[in-house]
Amino acid sequence: MPEEGRGPAPDVDGVRAFAEAAPHPIILLTGPTHRLIYANPAFAAACGQDRAALDCRPAAELFPALAEGGHLRLIDLVRTTGEPCRAEARRLPFGDADRLWDAEASAVRGRDGIITGVLVQLRDVTALRRRLCKAEAAAAVLDAVLEHAPIGLAIAGPDGRLLRHSRHGLGFIGREAAGLLAGTASRSGWELCDADGRRPASPAALPLVRALGQGEVVSREQWTLRAWDGEARSLQCSAAPVRDQAGRVAGGILAWTDPPETGIGLDARYRALVEAGALAVWTAAADGTVISMGGWAALTGQTPAQSAGWGWLEALHPEDRPMVRRRWAHSVATGENLEMEYRLRSRDGAWRWTAARATPLRDTHGGVVEWLGANTDIDARKRTEWALRDSEARFRTLAEAMPHLVWQTNPNGEPDYVNSRWRELTGLDLAQLRGGGWLEVVHPEDRQVLAAAWARALAEGGDYDVDARLRDRDGRFRWHRVKAAPICNAVGAVRHWVGTCTDIEERHSAEAQLREALAARERLAREADHRIKNSLQLVAALLRLQAGRVAEPAAREALEAATARVQAVAEAHRALQQSPDFRNIRLADMLRELAAGAAVQHPAADIRTTAPEELTLDAERAIPLALILSELVTQALRQPGPVQLSARLEEGVILAEIEGGTASSCPDKTSLGPTVIRTLARQIAAELTSETLADGVLRVVLRLSPDQGEGGTTPARSARLSGGA
């Protein structure tokens, strides 16, 4: 049935029709939890469970190690993309742990094309992989032999053509001469003769030709290579056929080396090769008794007499001797190769770590004839390993002692360590955090941001620093600062990531309280300003009412001027209330409010305003500026015609302009209006200029300099546009 209402179920009957009798395991999974809704008999047999016990259970519940090993990612990829996926030679956590499987996963779609499930087919490739491994090992051995063997070796096909040569063999006699040994005619003057060098060799008599043609095994025959200039070189040649499973000759092996009388035989070359990379090279009899130990005396200071038999054990660290004796005795008894590490006392008395390896030399019947071994110095490697372990131990100790949540991941971001503090707080262990399980402790609102930042850090190799809410084992969320940094190796590749989660709940609470306090203060300030504006409006109304009852023209004009000034301050406060930050006033709002206020006293007035919406001025200077502009508007309205109020920013200086009226409309300089204008201009450090335009209209310009006002008490601030200074 569909899982949790997520869509239609896959066509199980259709899958069963072809999978029931299939010899390889097949399962059908559905839903985000990979619920197993069908398993064929082959799968049940492979995992050793009854089919009924498998039905309709999540894969992670049936086989927990699947999720821990990341095997379910393949299913997730197919389920989300619809693209088939394949994984090769995987060890799966059921049945025989040594079995290897190829897994093929493909999407199962309904008639409407929607993905309803994932079909997984498994094929046991254990035997195939083992054969491949053996073939690869054999090829590697062959490559090593051809590269390092101190004799001439060649492998020939059934037609006698040489397919592979040993490096030493080509350096010994050259490719042309090697071909001559196989029966190929030489084009560079080489000639192959019998042992005494007098008679040219018959092609049919050559060792490789006989091995291929007659199946003969040729051993250590003497031949002579003669150059065009008469130089002769003696060779000892051997050849043998290579047969297929049916016994037919499928190729041949040819070997050549110096004859024994030259004094440079196989044993000497092989020993020289081994000694070039070892501290000591030694041989032992079949019963394990040491025969010779080249380099041992220089290494340990023991004389040959002291190291003979089992005396070499005295050069080993006392704590290592029982282990070495036991393992060496085991290899001697079983004929198995020996590999072990132990401490040796050097000539100066210091102990150094060495790796010993030995292999048996066998006769044609497989019996051990002799042991050949070598010791190599691994002291530097051991010290590096100890330093690494000490560093890891110090890290774990520090991590466990810290009050923070400490964690570590592999280069791909998969957790491989969390400290006890993490487990105590979240209630989740390491296994539960893998495969993305760590996101379960993150607040749902923070998961997307946290996951995106983590993915970006993994991709770029940079530091990781995010605030997020983490859930404790009681279900409560607390704010944490999540930080991580990559640890890189010598070439800059990320080895692992180390991170911490620090509790910052109190800081977040304090910040929230501070934001609330600031918001409350702003609300209080706005309320106070609102009350100030209303009070000013009330005063203006009373003045306007009083002016209407005064018969004396001069007194009425004075009351009307006072009303305009109070009204201007109220309008500036109204513009301040429209400000987003309650510290700066948008000049466009202020000019519109001034125009509206003037229209109340002069209903027929034509007042136009122009200013950028983003142009602002601090409230401390904006209110005096409003009073100045109100006085200038009142003067301009004494003459008929439109009045233009504008403001703009020009080269860092704010320009406020008013066009309207004429010079004759200006009152006497000794009257109150001009006095107010001059006083307020000095207060806000504004430069006041005027000019008469061609049509007789008066233009007054105020320039607010960024410098401190002349004798003013308020520092002049730079005019600014919102979003920049």
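Residues numbered from 1 in each chain as written. Predicted model: local features only at pLDDT ≥ 70, side-chain atom pairs only at ≥ 80, totals over all residues. Heavy atoms only, no water.

**Student:** Can you walk me through the overall build of the protein in this structure?
**Tutor:** Helix and strand counts for the protein stand at 22 helices and 30 strands. For the protein, buried positions account for 40% of its 725 residues. Contacts in the protein between residues at least 24 apart in sequence constitute 49% of all its contacts with a sequence separation of at least 6. Summing over all exposed atoms, the protein offers an accessible surface of approximately 38800 Å²; the carbon and sulfur share of this is 54%. (Helix = DSSP H or I, 4+ residues; strand = E, 2+ residues; numbered from the N terminus. Buried < 20%, exposed > 50% of the residue type's maximum accessible area, 1.4 Å probe, protein only. Contact = heavy atoms within 4.5 Å. Areas by Shrake-Rupley, 256 points an atom, 1.4 Å probe, with all protein chains shown as cover.)

**Student:** Before we go on, may I ask you to explain the sheet that holds strand β16 (residues 351-362) in this structure?
**Tutor:** By definition, the strands of a sheet pair up through backbone hydrogen bonds, in either a parallel or an antiparallel sense. Strand order in this open sheet of five strands is β14-β13-β17-β16-β15, and the pairing throughout is antiparallel. Sheet topology places β14 (290-294) and β15 (338-345) at the edges, where each strand pairs with a single neighbour. The sheet shows a mean angle of 25 degrees between the axes of neighbouring strands, taken without regard to direction. As defined by bridge partners, β15 adjoins β16 across eight bridges and the pair is classed as antiparallel. Paired with Met340 across the bridge in β16 is Ala356. The sheet strands contacting helix α13 (residues 321-334) are β13 (280-285), β15, β16 and β17 (368-377), and the helix crosses β15 at an angle near 150 degrees. (Pairing = 2+ DSSP bridges. Axes fitted to C-alpha atoms, helices over the stretch in contact; angles between N-to-C directions.)

**Student:** Any chance you could explain the packing of helix α20 (residues 587-601) against helix α21 (residues 619-636) here in plain terms?
**Tutor:** Between two packed helices, both the angle of their axes relative to each other and the distance between the axes serve to describe the pair. α21 packs onto α20 with a crossing angle of 40 degrees between their chain directions and a minimal axis gap of 11 Å. Regarding the angle of α20 to α21, the classification is oblique. By crossing handedness, the relation of α20 to α21 is classed as right-handed. Across the interface between the two elements, Leu587, Met590, Leu591, Leu594 and Ala598 from α20 touch Ala622, Leu625, Ala626, Leu629, Ser630 and Val633 from α21. (Parallel < 35°, antiparallel > 145°, perpendicular 65-115°, else oblique. Left-handed = near helix turned anticlockwise from the far one by under 90°.)

**Student:** Looking at this structure, I do not really get the confidence of the model for the protein. What am I missing?
**Tutor:** Close reading of the predicted structure is inappropriate where its pLDDT is low. On average, residues of the protein carry a pLDDT of 79, and 80% of them reach 70 or more. Per-element mean pLDDT across the protein ranges from 34 in strand β30 (residues 720-721) up to 93 in α13. Long-range and interchain partners of residues 1-5, a stretch whose pLDDT sits below 50, account for nine contacts in this model, where long-range means more than four residues apart. Confidence drops under a pLDDT of 50 for residues 261-277, and excluding neighbours within four residues, the segment shows 19 contacts in the predicted structure. (pLDDT = per-residue confidence, 0-100.)

**Student:** Teacher, can you tell me more about the nonpolar core here?
**Tutor:** In globular proteins that are soluble, nonpolar side chains generally tend to be buried together. The biggest cluster of nonpolar side chains holds 39 residues, and the ones touching the most others in it are Leu587, Met590, Ile607, Leu625, Ile628, Leu629 and Leu702. Elements with a minimum of two residues in this core: α20, β25 (615-618), α21, β26 (643-650), β27 (653-659), α22 (672-683) and β29 (698-704). When neighbours within four sequence positions are excluded, Leu625 is seen to be in contact with Leu587, Met590, Leu617, Ala656, Ile684 and Leu702. Core analysis: the second largest hydrophobic core is formed by 26 residues, Phe63, Leu66, Ile75 and Ala105 among them. (Core = buried A, V, L, I, M, F, W, Y, C linked by side-chain atoms within 4.5 Å.)

**Student:** It is not clear to me how the packing of aromatic side chains should be interpreted in this structure. Could you clarify?
**Tutor:** Summed over the entire model, instances satisfying the criterion amount to seven aromatic pairs. On the numbers, 5.2 Å between centres and 75 degrees between planes, the contact of Trp328 with Trp371 is edge-to-face. With Trp328 in helix α13 and Trp371 in strand β17, the pair connects residues that are 43 residues apart, well separated along the chain. Considered together, Trp328 and Trp371 belong to a single accessibility category, that of buried residues. Geometrically, the ring pair formed by Trp407 and Trp454 is edge-to-face, given 5.7 Å between the ring centres and 85 degrees between the ring planes. Of this pair, Trp407 sits in strand β18 (residues 405-409) while Trp454 is found in helix α17 (residues 444-460), placing the two residues 47 residues apart along the sequence. Three or more aromatic residues joined by ring pairs form one cluster here, namely Trp407, Trp454, Tyr464 and Trp497. Of note, Arg325 hangs over the ring of Trp310, and the distance from its end group to the ring centre comes to 4.9 Å. The aromatic ring of Trp353 is capped on one face by Lys382, whose charged end is 4.5 Å from the ring centroid. (Phe/Tyr/Trp six-rings, centres within 6.5 Å; stacked < 30°, edge-to-face > 60°. Lys NZ or Arg CZ within 6 Å of the ring centre and 35° of its normal.)

**Student:** How should the side chain of Asp379 be read in this particular structure?
**Tutor:** Within the secondary structure, Asp379 sits in helix α14 (residues 379-401). Each residue touching Asp379, except ones within four places of it in the same chain, is listed here: Trp351, Arg352 and Trp353.

**Student:** Looking at this structure, how should I read the pattern of salt bridges?
**Tutor:** A side chain of one charge can pair with a side chain of the opposite charge when the charged atoms of the two come close. Tallied over the full model, the rule gives 41 salt bridges. Overlapping salt bridges, with partners in common, bring together Arg86, Glu88, Asp102, Glu104, Arg123 and Arg129 in one network. (Salt bridge = Lys/Arg side-chain N within 4 Å of Asp/Glu carboxyl O.)

**Student:** Which parts of the structure should I look at to understand the sheet that holds strand β6 (residues 115-124)?
**Tutor:** Pairing is antiparallel across the open sheet formed by six strands, whose spatial order is β3-β2-β1-β6-β5-β4. Two strands lie at the open edges of the sheet, namely β3 (57-58) and β4 (85-90), each paired on one side alone. As paired elements, strand β2 (residues 35-39) and β3 share two bridges and run antiparallel to each other. If you follow Leu36 over to β3, its bridge partner there is Arg57.

**Student:** Explain the environment of Glu191 here, please?
**Tutor:** With respect to the secondary-structure elements, Glu191 resides in strand β9 (residues 191-193). Classification of Glu191 as partly exposed rests on a relative accessible area of 33%. For the pair Glu191 and Arg226, spaced 35 residues apart in sequence, the C-alpha to C-alpha distance is 5.1 Å.

**Student:** Just checking my understanding: could you explain α21 for this structure?
**Tutor:** For an α-helix, the turn length of 3.6 residues means that residues three or four places apart are oriented alike. Between its terminal C-alpha atoms α21 stretches 25 Å, which fits the 26 Å expected from 18 residues at 1.5 Å a residue. Within α21, 16 of the 18 residues are buried, leaving the element largely enclosed by the surrounding structure. (Expected span 1.5 Å × (residues − 1).)

**Student:** Could you clarify how one ought to interpret the side chain of Asn375 in this entry?
**Tutor:** Along the chain, Asn375 turns up in strand β17. Separated by 2.8 Å, the side chains of Asn375 and Trp282 make a polar contact. Reaching out from Asn375, the side chain makes a polar contact with the side chain of Tyr342 at a distance of 3.0 Å. (Polar contact = N/O pair within 3.5 Å; in protein donor to acceptor, adjacent residues only side chain to side chain.)

**Student:** Teacher, can you tell me more about the environment of Asn40 here?
**Tutor:** Tracing the backbone shows Asn40 in the loop between β2 and α2 (41-47). Placed eleven residues apart in sequence, Asn40 and Arg51 show a C-alpha to C-alpha distance of 7.9 Å. In this structure Asn40 touches Ala19, Glu20, Ala22, His24, Pro25, Ile26 and Arg51, once residues within four positions along its chain are discounted.

**Student:** Please clarify how the environment of Ala22 should be interpreted in this entry.
**Tutor:** On the secondary structure map, Ala22 appears in the loop between α1 (12-19) and β1 (26-30). Among the residues examined, Ala22 registers a relative accessible area of 14% and is labelled buried. Sequence-wise, Ala22 and Ala42 are 20 residues apart; in three dimensions their C-alpha atoms are separated by 7.3 Å. When neighbours within four sequence positions are excluded, Ala22 is seen to be in contact with Asn40 and Ala42.

**Student:** Even after reading the chapter, I still don't get the pairing of β17, so can you show me in this structure?
**Tutor:** Looking down a regular strand, the side chains alternate between one sheet face and the other. Strand direction decides the pairing type here: β13 and β17, joined by six bridges, are antiparallel. If you follow Thr283 over to β17, its bridge partner there is Leu372. Bridging between β16 and β17 involves nine bridges; their strand directions are antiparallel. For Thr354, the partnering residue across the bridge sits in β17 and is Asp377.

**Student:** I'm lost on unusual backbone geometry in this one. Help?
**Tutor:** In terms of backbone geometry, most residues other than glycine have negative phi values and most peptide bonds are trans. Even without being a glycine, His34 presents a positive backbone phi close to 60 degrees. Residues other than glycine seldom take positive phi values, yet Ala685 does so here, at roughly 60 degrees. On the basis of relative accessible area, Ala685 is assigned to the buried category, the value being 10%.

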